[in-house]
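# Fold and geometry: a report
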Amino acid sequence: MKKSFFLLTAGFLIFAALEPLQAFGQDNGITSSGSSDSSPASLSSAGVEELKVSDDIPDLLAGVWQGKDRLVLFGKDGNESAAVLRVFYAWYNDRAAEPASYAEYSTRDRNNTTSRRAEHIEIKCITLAENESHTAGAYELRVLYPGEKAYAYVPVAVIGGNIYLDFLVKGAASEVDRQHVLTSISKSTDERGGMTENLNLEGFWRDCGAASGLLVSPPYIKKERTGYYFYDNSFYHIRYWETDMPYSYAKAGFTDGDKSFVVDKYVRSAGKVYTCCTGRRTQIRNIQKSSDLPSTCLFDSDGVICAFGSPYLVRVDGSRKREDLQRMTDETNAKRKPPQKPPFPVTFPNVRWPKYEELELYNPDTWNRRNIDVGK
């Protein structure tokens, strides 16, 4: 009797675990959709394109970049990289990270701001996506910091000569990882035989920006991400969170009324994996819909990359080598800040001297009067 009871209970638990869960109803009419994909291939890394690490710095990244608190060099010669920290309200430049060979060209300052030795940081590049116009690109910088055994990954996007840390890349990873050069411009022929170009931004946009900055120490990586689906002037917000599940090109879906949408279940970025569904489910819950994006955004000319907020770094025109970075550092350090104004202004004694030409110098009756006026 006990054996039969245990077998019945085990069968019921297995059936309940395999039964797909129904989506929760939403107040805005958006519900989850999709079938449960429990095949082992969808939960493993089989068929996933490996991201290629290159020693060469892309042309869009090469050069000297300036931010409010740092200068960064991505050199084409020997894959050299350096970082100069602009401390004391940008009145002093500290050569915090640079190759050891830089000391042969110029001696580093030694003071209570600088360290004894500069940090030697090794940077290699992974190309995520580029537009056909070669004016914008998304990359991951694989950084090895001194004393660290694991790599740190810093995703960056370049649009219009600016570097952004918070950005989106259009398209599913299964397509973008195989073909990095993308465009959202479709060409068609009008009635007169002329060519017209149309920019189509509708589709799934992956959140690829996760790092807090390009620092001289390992940066902070976000625990959650927000992907988007653009459709008919509406924006669907898809929450992703960090997971230990293996990365794959599995899909997940949701519906809005009679419309169905399919997105990536997993997002791979900054060396971590994020998911929008728990376990083996492919049903996305709690989808938010809005009529606008949450902050100021900038699209590249081909509609491939969308950047949020203000630029993290701005390209310094005409500066691409170590000599240019050294010149900028020396010019700043040669400046001398004027002394600070005293909090309490200096006051001088105000003595009112009498006009002696109006007095009778040789009249003894006025001597006492003159002595009294001197102290006033």
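Reference entry: report on the structure contained in this document. Throughout this description, residue numbers start from 1 for each chain and increase along the sequence as written. Where totals are concerned, whole chains, interfaces and linings use all residues; where local detail is concerned, this predicted model gives features only for residues with pLDDT of at least 70, and gives and counts side-chain atom pairs only at 80 or more. Excluded from the side-chain calculation are hydrogens and water; included are all heavy atoms of the structure.

Computed over the protein atoms alone on a 1 Å grid, cavities are sets of points where a 1.4 Å probe fits but cannot get out and pockets are open sets with protein on both sides within 12 Å along at least five of seven lines; a residue lines them when it has an atom within 4 Å of a point. Grid points are joined across faces, edges and corners, and a volume is the space filled by probe spheres set on the points. By the definition in use, this model includes 3 cavities of 30 Å³ or more. Taken as a whole, the largest cavity holds about 110 Å³ of empty space. Surrounding the largest cavity, 14 residues form its lining, Ala83, Ile121, Ile123, Leu214 and Leu215 being those nearest its centre. In DSSP terms, a helix is any run of H or I states spanning at least four residues, a strand is any run of E spanning at least two, and both are numbered starting from the N terminus. Elements that contribute at least two residues to the lining of the largest cavity include exactly β4 (70-74) and β5 (81-87).

Relative to the elements of secondary structure, Tyr151 occurs in the loop between β8 (136-144) and β9 (152-159). When the C-alpha positions of Tyr151 and Leu141 are compared, they lie 9.7 Å apart, and in sequence the two are 10 residues distant. Not counting chain neighbours up to four residues away, the residues in contact with Tyr151 comprise Arg142, Val143 and Leu144. There is a polar contact of 3.4 Å between the side chain of Tyr151 and the side chain of Arg142. Any two residues whose heavy atoms approach within 4.5 Å at even a single point are treated as in contact. Any pair of N or O atoms that falls within 3.5 Å is considered a polar contact. Within protein, one atom must be able to donate a hydrogen and the other to accept it, and sequence-neighbouring residues count only if both atoms are side-chain atoms.

Cysteine sulfur atoms that pair up within 2.5 Å are treated as a disulfide. Following the criterion strictly, the structure yields 0 disulfides and no others. Cys277 supplies the cysteine sulfur nearest to Cys276, a cysteine that is in no disulfide, at a spacing of 3.9 Å.

Its place among the elements puts Arg225 in strand β16 (residues 224-231). On the accessibility criterion, Arg225 (2% relative accessible area) is buried. A polar side-chain atom of Arg225 sits 3.0 Å from the main-chain carbonyl oxygen of Asp207. A polar contact of 3.1 Å, which involves the side chain of Arg225, links it to the backbone oxygen of Gly209. Non-local contacts of Arg225, meaning those with residues more than four positions away in its chain, are made with Asp207, Cys208, Gly209, Ala210, Ile238, Arg239, Tyr240, Ser269 and Tyr274. Burial classes: relative accessible area under 20% of the type maximum marks a residue as buried, over 50% as exposed, and values in between as partly exposed (1.4 Å probe, protein chains only).

Attention shifts here to the layout of surface pockets. When its volume is computed, the largest pocket comes out at roughly 300 Å³. As for the largest pocket, its lining consists of 14 residues, and the residues nearest its centre are Arg239, Trp241, Cys276, Arg285 and Asn286. Sort the elements by how many residues they give to the lining of the largest pocket and strand β17 (residues 234-242) lands first, with 4 residues. Tallied by class, residues from the lining of the largest pocket come to 5 nonpolar, 6 polar and 3 charged. Throughout this entry, Asp, Glu, Lys and Arg are counted as charged residues, while Ala, Val, Leu, Ile, Met, Phe, Trp, Tyr, Cys and Pro are counted as nonpolar. The remaining residues, Gly among them, count as polar.

Moving on: the pattern of salt bridges. Basic side-chain nitrogens of Lys or Arg form a salt bridge, by our definition, when they fall within 4 Å of a carboxyl oxygen of Asp or Glu. Counting across every chain of the model gives 17 salt bridges. Across the pair Lys76 and Asp59 runs a salt bridge whose closest N-O atoms are separated by 3.1 Å. With Lys76 in the loop between β4 and β5 and Asp59 in the loop between β2 (53-54) and β3 (63-66), this residue pair connects regions lying 17 residues apart in the sequence. Assessed through its relative accessible area of 41%, Lys76 is described here as partly exposed.

This part takes up the nonpolar core. Of all hydrophobic cores here, the largest spans 44 residues; its most connected members are Leu61, Phe74, Leu141, Ile238, Phe254 and Ile284. Of all the elements in the fold, those that place two or more residues in this core are β4, β7 (122-131), β8, β9, β17, β18 (251-256) and β19 (259-264). Looking at which element gives the most residues to this core, the answer is β9, with 4 residues. Side-chain atoms within 4.5 Å link the members of a nonpolar core, which is a set of buried Ala, Val, Leu, Ile, Met, Phe, Trp, Tyr and Cys residues. Counting 16 residues, the second-largest nonpolar core is a separate cluster that includes Ala136, Ala138, Ala157 and Leu182.

Take it as geometry only, folks, not as evidence of what the structure does.
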